[in-house]
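Structural overview
If you want the building blocks of each chain, they are given just below.
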Amino acid sequence: MKPPNEVGLYVHFPWCVQKCPYCDFNSHPLKEPLREAEYREALLDDFERELERFGDRRIATVYFGGGTPSLFSAETFRILLDRLPDAREITLEANPGTVERGDFAAYRQAGITRVSLGAQSFDAARLNVLGRIHNVDDIGNAAREAKSAAVQSLNVDLMYALPGQTVDEALDDLAQAIRLEPDHISWYQLTIEPRTEFARRPPVGLPDVDRACEIEEAGIELLERHGYRRYEVSAFAREGHPCEHNVNYWRFGDYLGIGAGAHGKFTNDDGEVFRTAKPSQPRLYLAGGEGETTAVPYDELPGEFMMNALRLVDGVEEKLFEARTGLGFDVVGDRVAEFVDWGLMDAGRLALTTTGFRQLNGVVLRFLA
């Protein structure tokens, strides 16, 4: 099995102004002056170490995520990107109202080609419940500023099934996002994750399963009516604007992960698949902690591959299974044939039918068993 020629690069920025109660990402409230220069140097050192694993494979996409990367200046991204060959897609996550250290024009000049705005809702009361620090006007202002900076692609993150939310209110949120004319909309259901504030103190009035499904079905119809094609469980894009970096994840591609709490995946020249994880605490990362590297056992590869690939509406070609795992298709062939017979998967391609997609979690669990 040959390692893929192209890889992604994920860069994690662990600080936020405050921690949102639903968030289970590695983010830490900023309680002291931002250690920007020190963190930037740690990222550069980390990157040089990671390159030793990946050799001369091309970095095709870069994703600056967090946390809140837009707490950092455009100068930091310019310095980081100067170390990289030109990537096709370079995404910066930004929260409306928190572009404290520079504007989108400066980020664009530094090399950012794609901006992902964490809007989450256009309802002031629900923004407050979600612990967001921006207001509704901030969302529109940030979207217009990003467009005027001529970024090549703009994404808006939005949540549904929020506390007390009706179908009409969820659709109104979507309609307001659509009016901003982003190229991509990430629309995902609020879920209560372990070790979050919402897990400790659940919000009142969460929609039940039936209402959440009703919201989802109506929302998908609205998005598609306005030219946003669903290509992944929670991702909708206009023609030519899917997120390449995330598609690489779902196709079980390789990617470097640098920064506090960042994860990565790589395939060595012998076809073995490894996971990497960096120290999650910024102080440990800044102290030079290199994290852990662990091999993915062969018996876990089929489940990991299918868990990612089946999230894509069009699925993936069958030959990709062997290319990414080094295992013969016969490892999953019988189970795939079973799902094809049941009308849950397409024949000749690792993709769920419309009926199967509604039962995604159940199908994936069979491959994990």
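By the element assignment, Thr91 lies in strand S5 (residues 89-94). Residues contacting Thr91, with those up to four places away along its chain left out, are Val62, Tyr63, Phe64, Arg114 and Ser116.

Further remarks concern the pairing of strand S11 (residues 255-258). Residues Tyr255 and Gly257 line one face of S11 and the alternating positions Leu256 and Ile258 line the opposite face, and both faces are buried. Bridge count for strand S1 (residues 6-13) against S11 is 4 bridges, and the pairing is parallel. Bridging across to S11, Val11 finds its partner in Ile258.

A word on the packing of aromatic side chains. Within this structure, the stated rule accounts for 23 aromatic pairs. Centroid distance Tyr249 to Tyr255: 4.6 Å. Interplanar angle 65°. Geometry classified as edge-to-face. Judged by relative accessible area, Tyr255 falls into the buried class, the value being 13%. Counting every residue linked through ring pairs, the aromatic cluster contains Phe13, Trp15, Tyr39, Phe64, Phe72, Phe77, Phe104, Tyr107 and Tyr285. Sitting over the ring of Phe252, Lys265 keeps its end group 4.3 Å from the ring centre.

Right, let's talk about the packing of helix H13 (residues 330-341) against helix H15 (residues 360-368) for a bit. Where H13 meets H15, the axes come as close as 11 Å, and the angle between the chain directions of the two elements is 155°. Between H13 and H15, the crossing angle belongs to the class labelled roughly antiparallel. In this structure, the crossing between H13 and H15 has a hand that is right-handed. Between H13, through Val332, Arg335, Val336, Glu338 and Phe339, and H15, the contact on the second element is made entirely by Val363, Arg366 and Phe367. For the contact of H13 with H15, a count of residues per class yields 5 nonpolar, no polar and 3 charged.

Moving on, we get to the pattern of salt bridges. Taken as a whole and judged by the stated rule, the model has 25 salt bridges. Three or more residues joined by partner-sharing salt bridges are found here, namely Asp46, Arg49, Glu50, Arg53 and Lys278.

Cut-off values and rules
- Residues numbered from 1 in each chain as written.
- Predicted model: local features only at pLDDT ≥ 70, side-chain atom pairs only at ≥ 80, totals over all residues.
- Heavy atoms only, no water.
- Helix = DSSP H or I, 4+ residues; strand = E, 2+ residues; numbered from the N terminus.
- Contact = heavy atoms within 4.5 Å.
- Buried < 20%, exposed > 50% of the residue type's maximum accessible area, 1.4 Å probe, protein only.
- Pairing = 2+ DSSP bridges.
- Phe/Tyr/Trp six-rings, centres within 6.5 Å; stacked < 30°, edge-to-face > 60°.
- Lys NZ or Arg CZ within 6 Å of the ring centre and 35° of its normal.
- Axes fitted to C-alpha atoms, helices over the stretch in contact; angles between N-to-C directions.
- Parallel < 35°, antiparallel > 145°, perpendicular 65-115°, else oblique.
- Left-handed = near helix turned anticlockwise from the far one by under 90°.
- Nonpolar A, V, L, I, M, F, W, Y, C, P; charged D, E, K, R; others polar.
- Salt bridge = Lys/Arg side-chain N within 4 Å of Asp/Glu carboxyl O.

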